[in-house]
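# Survey of secondary and tertiary structure
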Amino acid sequence: MCAKPKILIPRRNRNDIVSDSEEFKRISAQVDFIYHDLTTSDAFKKFLPTSDIDALWFTEALMDNMEAPSKYMEYYPKSLKLIMVPWVGTDFYDGKLLKEKYGITLCNGGPVASENVSDLAIFLTLSCFRLTSFWEHAFRFVHRGDISKCREYIGGTHHDTIPGFALVESNTEMHRSTSTEQKFPTKADKDKFLNIAQDYKIAGKLMESPTSKNALILGFGSIGQAIGRKLNSSFNMKISYTKRNGPVPEADLGYEAQYMPSMEDELFWKDADLIVLALPGTPETEDIINEKTLSLCKNGVRIVNVGRGSCIDEDALLDALDSGKVASAGLDVFKNEFQQINPRFFERWDVTLLPHIGSTVLEILQRQTAATLENIDGFFLKKTGPKYPVN
């Protein structure tokens, strides 16, 4: 009788695998799931060579608590043939190197995140156009529920850089010790006539609806396509997109979208009111939003990123926010997000910041588990290969 495949599941103090599903129970009768409690990186390196595992179920515990995944490759046992990342992005691995040098197949979770990450892109889009992060901050922390005082910012033309604690009317010692200097809009000048029908702005930045505007989506895999569908159906936005391997048939999309073949063409950038990034982190996509590409955009463009932080030159984005070239941004991902993100972001009122929560919903855990089980079933049990191979 053949030995059951050994599948390693590293963990630390929590479980993010839906192990009570019927499919998990079925698969677990045919493979050995080996739970390994992580302690230190050195201990994990010592464990791996003699572990005799056939597959590694990559977990958030391994990502959050250990060194970069590439640091462990030389410690993998020769028995290891499959690494299963339960989400979409696998850019922390060199898939080609894994296959050619170690004979390891890398797979991901396929389109498990598309619906929920695209939900967050819609939220960030609304926040960018309606400047909702500013409104909530002013209402909750600055004016403590006074609607009239909040509305005094409408028609303002600029912002000041002030100590963070100066914004809070209670001005307690706690606020002074926890707040930092930041840019914040000034209120409209009460002594001047305001034609807000023409200048419906906060600190010179227009508040408007995304309805019927133009959206350019960079990265048009399952997540990008779901974003396009929701922007089109919710706001009647006109969708254009770029995709590495060419256009998607409109019949497959279910909505009208214009394929843009070349980012070198000035027409690619100039009409977009909104740019949404749903790109993987690769050498080709690094700093794809930069000083040059931003210069080709219309004034007041809005930027949303739910892909990878490496795709934006953050200093160029921050400078463009200062100049008004970019009106606002909504970011769920950042450069160096597991160390320290650019502190300049915390000074801004015109950027919505989220801590990489695009996939933090229960339904994704359920789908991630199901997709990983499909990869196990195909590779080890049916011998047809994983359902979602990457390399």
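Predicted model only: the values in this text are computed from it and were never measured. (Residues numbered from 1 in each chain as written. Predicted model: local features only at pLDDT ≥ 70, side-chain atom pairs only at ≥ 80, totals over all residues. Heavy atoms only, no water.)

### Let's talk about the pattern of salt bridges
Applying the stated rule across the entire model yields 30 salt bridges. Across the pair Glu22 and Lys25 runs a salt bridge, and its minimum N-O distance is 3.7 Å. Taken as a pair, Glu22 and Lys25 lie in helix α1 (residues 22-28) at a separation of three residues, close to a single helical turn. What makes Glu22 exposed here is its relative accessible area of 61%. (Salt bridge = Lys/Arg side-chain N within 4 Å of Asp/Glu carboxyl O. Helix = DSSP H or I, 4+ residues; strand = E, 2+ residues; numbered from the N terminus. Buried < 20%, exposed > 50% of the residue type's maximum accessible area, 1.4 Å probe, protein only.)

### Points about the sheet that holds strand β10 (residues 214-218)
Spatially, β12-β11-β10-β13-β14-β15-β16 is the arrangement adopted by the seven strands of the open sheet, whose pairing is parallel. At either margin of the open sheet sits one strand with a lone partner, and together these are β12 (257-259) and β16 (351-353). On average, each strand axis in the sheet is tilted by 15 degrees relative to the strand beside it, whichever way the strands run. For β10 and strand β13 (residues 274-277), the ladder comprises four bridges, and the chain directions are parallel. Along β13, the bridge assignment pairs Ala215 with Leu274. (Pairing = 2+ DSSP bridges. Axes fitted to C-alpha atoms, helices over the stretch in contact; angles between N-to-C directions.)

### Brief notes about a nonpolar patch on the surface
Residues Leu194, Ile196, Tyr200 and Leu206 make up a contiguous nonpolar surface patch of roughly 290 Å² in combined accessible area. Tracing the backbone shows Leu206 in strand β9 (residues 205-206). (Patch = residues over 30% accessible without salt bridge, like charges linked within 9 Å, V, L, I, M, F, W, Y side chains within 5 Å. Areas by Shrake-Rupley, 256 points an atom, 1.4 Å probe, with all protein chains shown as cover.)

### A look at the nonpolar core
Counting 32 residues, the largest nonpolar core has Ile227, Leu231, Met237, Ile239 and Leu274 as the members making the most contacts within it. When residues of this core are traced back to their parent elements, those giving at least two are α5 (114-130), β10, α9 (222-235), β11 (238-242), β13 and α14 (362-381). (Core = buried A, V, L, I, M, F, W, Y, C linked by side-chain atoms within 4.5 Å.)

### A look at α9
Its 14 residues place the ends of α9 20 Å apart at the C-alpha level, agreeing with the 20 Å of an ideal helix rising 1.5 Å per residue. Among the residues of α9, Ile223, Gly224, Ala226, Ile227, Gly228, Lys230, Leu231 and Phe235 are the ones counted as buried. Looking at the buried positions of α9, the neighbouring elements they touch are α5, β10, β11 and β13. Downstream of α9 by a residue or two, Asn236 has a phi angle that is positive, lying close to 55 degrees. (Expected span 1.5 Å × (residues − 1). Contact = heavy atoms within 4.5 Å.)

### Details of the sheet that holds strand β1 (residues 6-11)
Reading across the sheet, the five strands line up as β2-β1-β3-β4-β5 and stay open at both edges, with parallel pairing between neighbours. The sheet terminates laterally at β2 (32-37) and β5 (105-107), the two strands that pair on one side only. The mean inter-strand angle of the sheet, taken between neighbouring strand axes irrespective of direction, is 20 degrees. Where strand β3 (residues 55-57) lies against strand β4 (residues 82-84), three bridges are found, and the strand directions are parallel. Bridge pairing in β4 places Trp57 opposite Met84. α14 rests against β1, β2, β3, β4 and β5 of the sheet, and its axis sits at about 165 degrees to β4.

### Here's the deal with the environment of Asp265
Along the chain, Asp265 turns up in the loop between β12 and α11 (267-270). On the basis of relative accessibility, which here comes to 38%, the residue Asp265 falls in the partly exposed class.

### Digging into the packing of aromatic side chains
Under the counting rule described, the total for this entry stands at 19 aromatic pairs. For the ring pair Phe134 and Tyr153, a centre distance of 5.2 Å and an interplane angle of 85 degrees mean the geometry is edge-to-face. Of the two residues, Phe134 sits in helix α6 (residues 132-142) while Tyr153 sits in the loop between α7 (147-151) and β6 (159-162), which places them 19 residues apart along the sequence. Each of the two residues, Phe134 as well as Tyr153, counts as buried. Arranged with centres 5.6 Å apart and planes meeting at 55 degrees, the rings of Tyr241 and Tyr259 form a pair that is tilted. (Phe/Tyr/Trp six-rings, centres within 6.5 Å; stacked < 30°, edge-to-face > 60°.)

### Digging into the pairing of β13
Residues Leu274 and Val276 of β13 are buried on one face, and the alternating residues Ile275 and Leu277, pointing to the opposite face, are buried as well. Both β13 and strand β14 (residues 301-305) contribute to a ladder of four bridges, which runs parallel. Across the sheet, the residue bridging to Leu274 is Arg302, located in β14.

### With respect to unusual backbone geometry
Of note in this structure, Asn13 is not a glycine but carries a positive phi near 65 degrees. Examined against the element boundaries, Asn13 turns out to sit in the loop between β1 and α1. Exposure remark for Asn13: the relative accessible area of 79% places this residue in the exposed category. Unusually for a residue other than glycine, Asp287 sits at a positive phi of about 50 degrees. With respect to the secondary-structure elements, Asp287 resides in the loop between β13 and α12 (291-295).

### Structural notes on the side chain of Lys205
With respect to the helices and strands, Lys205 occurs in strand β9. Among the residues examined, Lys205 registers a relative accessible area of 9% and is labelled buried. Here Ala327 takes part through its backbone oxygen, which lies 3.1 Å from a polar atom of the side chain of Lys205. Contact partners of Lys205, with chain neighbours within four places excluded, come to Leu131, Tyr200, Leu321, Val326, Ala327, Arg348, Trp349 and Asp350. (Polar contact = N/O pair within 3.5 Å; in protein donor to acceptor, adjacent residues only side chain to side chain.)

### Notes on the packing of α5 against α6
α6 packs onto α5 with a crossing angle of 75 degrees between their chain directions and a minimal axis gap of 6 Å. With respect to α6, the axis of α5 lies roughly perpendicular. In this structure, α5 uses Leu126, Ser127 and Arg130 to contact α6, whose residues at the interface are Thr132, Ser133 and Trp135. Taken together, the residues of the contact of α5 with α6 sort by class into two nonpolar, three polar and one charged. (Parallel < 35°, antiparallel > 145°, perpendicular 65-115°, else oblique. Nonpolar A, V, L, I, M, F, W, Y, C, P; charged D, E, K, R; others polar.)

### Remarks on α14
The terminal C-alpha atoms of α14 lie 28 Å apart, and with 20 residues this matches the ideal 28 Å at 1.5 Å per residue to within 8%. If you check which residues of α14 are buried, you get Ile364, Gln368, Thr369, Ala371, Thr372, Leu373, Asn375, Ile376, Asp377, Gly378 and Phe380.

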